[in-house]
Amino acid sequence: MGAAEPFETSVRMLQLAQDLFPLNRSITGAGLRQTLSILGQSVPIRIHEVASGTKVFDWVVPDEWAIRAASVRTSSGVKIVDIEDSNLHVVGYSTPIDRRMSLAQLRPHLHSDPARPKHIPYRTSYYTRNWGFCLRHEDLTGLPEGEYDVLIDSELFPGSLTVGEVVIPGDRDDEIVFFTHSCHPSLANDNVAGIVVCTELARWLLSTRRKYTYRVVFGPGTIGSLSWLWLNKGKLDKIRFGLTVVLAGIRSDLIYKQSRMEKSELDRIASAVVQREFSGKVIPFSAWGYDERQFNSPGFAVPFGRLSRATEEGYPQYHSSADNLSLLDGDALSASLDACMRIVDLIEANGVYLNTEPYGEPQLGKRGLYSGSGGAPSQDIQKACLWLLSYGDGHYDIAEIYRLSGLPLSAVLLARTKLLDAGLLKEHASVR
Ligand code: ZN
């Protein structure tokens, strides 16, 4: 990325977030397909449809959901809630209903959050057939006794679940996967932010040929990652590791959640980048969270980390109408993207290298690698050369030397290239 680009990139991400935010996404249906089709205007996305009723491991792909209208009105026609005002007003996967009923009959189907009385909560009922509405707690408590006209014009029918992926072929078949869930309606940080960061990441990955093959996958949470794993079940041994990218758009610390394997190559790379380049945090794996759970599960055992700006505890606006576009921060989105790119840079460069002149320090000056003379590399690059040579004994990979050195990633990566060009380093073996 050149110096002028981060601003352009953040403007583009915020614009895409604005286009995606209003769509009524769910784990199936038109909002999800529209979302993927908008992404297809920026990156070549492949769409996979998995039919309702398909058994994917221990799950079954549910019927498709379509929603056309949803409202509650008093018997005199006064609007209480209407999906036209917010997609969050209807419980996702609500079954149809069109009936007049008393408040007592309606009440069990109304959901609010007393802890956040001014915000509409986000609720779904994917696997239990039910219907319901979500509203501000302050509106719920003010409802008078009486009759209400309740309408949900929805449909549940055998259709399919949609997963999109951008495949960026590399020199090797080994794959690195980025996954973001894309099933939440009109919620910004969770999950429009992850979608826009991954779209921009795919665009960047497409710009240069790399060593590894990358797949950037957009699918519904849980059932979407499982469906993708099911579609790819014959070639999962090709996946080296991967990352979920979620909740990436708010101004708070960047967090890397380790894979279940904790000390995998990915964990060492991503932890070092997040801590050292972004002053972020590293948290251990936990069995609760996003789609990293599926990839890390014992059957697949793919080391899968997570990059986000919130923990499992969420954030104050989590899963409510307060998680809207005003929460998204262009700099935070840019830095999240940048973290993904730096992780890719280190994944690509990583390996174990041998010092070809291991008897004392090789003379850097005669090879133009000493920082004392004009046109020569910076102090950091010179120091990075010394670190790489000093640890070039076949026991340390680049990620480990980067961590030990305390030097900027850019200096270590540039020093590696210069030493390879000068013949002072040669590849020993890549670590797995
Ligand atoms: Zn969520």
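These remarks concern the structure in this document.

Procedures and definitions
- Residues numbered from 1 in each chain as written.
- Predicted model: local features only at pLDDT ≥ 70, side-chain atom pairs only at ≥ 80, totals over all residues.
- Heavy atoms only, no water.
- Donors = N, O, S within 2.8 Å, 3.2 Å for Na, K, Ca; no water.
- Buried < 20%, exposed > 50% of the residue type's maximum accessible area, 1.4 Å probe, protein only.
- Core = buried A, V, L, I, M, F, W, Y, C linked by side-chain atoms within 4.5 Å.
- Helix = DSSP H or I, 4+ residues; strand = E, 2+ residues; numbered from the N terminus.
- Contact = heavy atoms within 4.5 Å.
- Polar contact = N/O pair within 3.5 Å; in protein donor to acceptor, adjacent residues only side chain to side chain.
- Pairing = 2+ DSSP bridges.
- Axes fitted to C-alpha atoms, helices over the stretch in contact; angles between N-to-C directions.
- Phe/Tyr/Trp six-rings, centres within 6.5 Å; stacked < 30°, edge-to-face > 60°.
- Lys NZ or Arg CZ within 6 Å of the ring centre and 35° of its normal.
- 1 Å grid on protein atoms, 1.4 Å probe; cavity = no way out; pocket = protein on both sides within 12 Å on 5 of 7 lines; lining within 4 Å.
- Points joined across faces, edges and corners; volume = space filled by probe spheres on them.
- Nonpolar A, V, L, I, M, F, W, Y, C, P; charged D, E, K, R; others polar.

**What about the coordination of the zinc ion?**
For the zinc ion, every protein donor is listed as H184 (NE2), D190 (OD) and H319 (NE2), and the spread of their distances is 2.1 Å. Going along the chain, you hit the donors of the zinc ion in the pattern H-x5-D-x128-H. The pair H184 / D190 is uniform in exposure class, with both members buried.

**Things to note about the nonpolar core**
Counting 76 residues, the largest nonpolar core has L20, F178, Y214, V216, F218 and L346 as its most contacted members. In terms of residue count, helix 5 (residues 188–205) provides more of this core than any other element does, 11 residues in total. Residue contacts for F178: discarding those within four places in its chain leaves L201, Y214, R215, V216, V217, L243, V245, C340 and V344. Formed by 47 residues, the second largest nonpolar core is a distinct cluster that contains V72, I97, M101 and Y126.

**Here's the deal with the side chain of E265**
The residue E265 is located in helix 7 (residues 265–278) in this model. For E265, a relative accessible area of 7% corresponds to the buried category. A distance of 3.0 Å separates the side chain of E265 from the side chain of R240, its partner in a polar contact.

**Some thoughts on the sheet that holds strand 12 (residues 213–219)**
Taken together, eight strands build an open sheet; the order of strands is 1-10-12-11-13-16-14-15 and the sheet is mixed. Two strands in the sheet have a free side with no partner beyond their single neighbour: strand 1 (46–51) and strand 15 (281–283). Neighbour to neighbour, the strand axes of the sheet diverge by 25 degrees on average, direction disregarded. Pairing analysis gives four bridges linking strand 13 (residues 239–245) to strand 16 (residues 304–308), with the strands arranged parallel. Residue pairing in the sheet places L243 in a bridge with G305 of strand 16.

**With respect to the packing of aromatic side chains**
Scanning the model with the defined rule gives 12 aromatic pairs in all. Ring pairs connect the aromatic residues W59, W65, Y93, Y126 and Y127, which therefore count as one cluster. Positioned over the ring face of W204 is R210, at 4.2 Å from the centre of the ring. Against the face of F285 rests K257, its NZ or CZ located 5.0 Å from the ring centre.

**Thoughts on empty space enclosed by the protein**
By the definition in use, this model includes two cavities of 30 Å³ or more. By volume, the largest cavity amounts to about 60 Å³. As for the largest cavity, its lining consists of N24, R25, S26, W65, N87, V90, G92, Y122, T124, Y126, C183 and P185. Classifying every residue of the lining of the largest cavity by side-chain character gives six nonpolar, five polar and one charged.

**A short note on the layout of surface pockets**
There is about 560 Å³ of room inside the largest pocket. H184, T222, G289, R293 and H319 are the residues nearest the centre of the largest pocket, which is lined by 25 residues in total. Of the residues assigned to the lining of the largest pocket, the class counts are 11 nonpolar, nine polar and five charged.

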